[in-house]
Amino acid sequence: MESVQMGVSLGSAILNLVPVVVGGLLATLGGVVGSIVFHKQERRASNLRLKREKLEQLVDASYRVKFWLEEKRDGDLFGHEKNLGIFPISEVEMISRLYFPELREDVRQLSLVSISYQEWITEGRIKMLRNEEIGDDYKEGFDPIYEGLLLSISSLVNKSADLMNKIGGS
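Summarised in this report is the structure supplied together with it.

### Brief notes about unusual backbone geometry
A positive phi angle is found at Asn131, which is not glycine, with a value near 60°. Within the fold, Asn131 resides in the loop between helix H3 (104-129) and helix H4 (136-140).

And the structure:
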């Protein structure tokens, strides 16, 4: 009878431990799953923050392209020499290639119009060095190039703003 009573006591003790063990397992599992979910959410938020920052850098560099070209024009054609630094189109191209391939066509257009602008500047500089007259035909070539520059920057900035809205920026 004593062994039956001991078996009942042992069985009762085991039954009392089952909820404790199951509760401990559930708490551990919840902690692990919660950590995994938190880590994934934190990584996603970090990636979105990085993309927003890179998009801001891309837009800033796009505007600096215009400023750099204007400074180059003023230096080469009007003698207002300044230290221009590195042409920011490379920064625009790099950020776009690494983070925003969907902007590739707009970046390509900005690069092409920048090349046209630089060619126009170089043509004027050559005329000046040769002491040739800079005629109206040369001067009139500026407007379409400058308009193309403004349009390409505007398009890139507008598409960047749309992209910012998609990734959750303000």
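### A short note on the nonpolar core
Ranked by size, the top nonpolar core spans 31 residues in total, and within it Val65, Val92, Leu103, Leu110, Tyr117, Trp120 and Leu149 carry the most contacts. Contributing elements (two or more residues each) for this core: helix H1 (2-78), helix H2 (89-99), H3 and helix H5 (142-167). Ranked by residue count, the leading element in this core is H5, at 10 residues. Contacts of Leu110, omitting those with residues within four sequence positions, involve Ser62, Val65, Ile89, Val92, Leu149, Ser152, Ile153 and Leu156.

### Notes on the pattern of salt bridges
Tallied over the entire structure, the rule returns 10 salt bridges. A salt bridge links Lys66 to Glu70, with the nearest nitrogen and oxygen atoms 3.0 Å apart. Of the two residues, Lys66 and Glu70 both sit in helix H1, 4 residues apart, roughly one turn of that helix. Owing to a relative accessible area of 23%, Lys66 belongs among the partly exposed residues under this scheme. Here Lys82 and Glu71 are joined by a salt bridge, their closest N and O atoms 3.2 Å apart.

Cut-off values and rules
Residues numbered from 1 in each chain as written. Predicted model: local features only at pLDDT ≥ 70, side-chain atom pairs only at ≥ 80, totals over all residues. Heavy atoms only, no water. Helix = DSSP H or I, 4+ residues; strand = E, 2+ residues; numbered from the N terminus. Core = buried A, V, L, I, M, F, W, Y, C linked by side-chain atoms within 4.5 Å. Buried < 20%, exposed > 50% of the residue type's maximum accessible area, 1.4 Å probe, protein only. Contact = heavy atoms within 4.5 Å. Salt bridge = Lys/Arg side-chain N within 4 Å of Asp/Glu carboxyl O.

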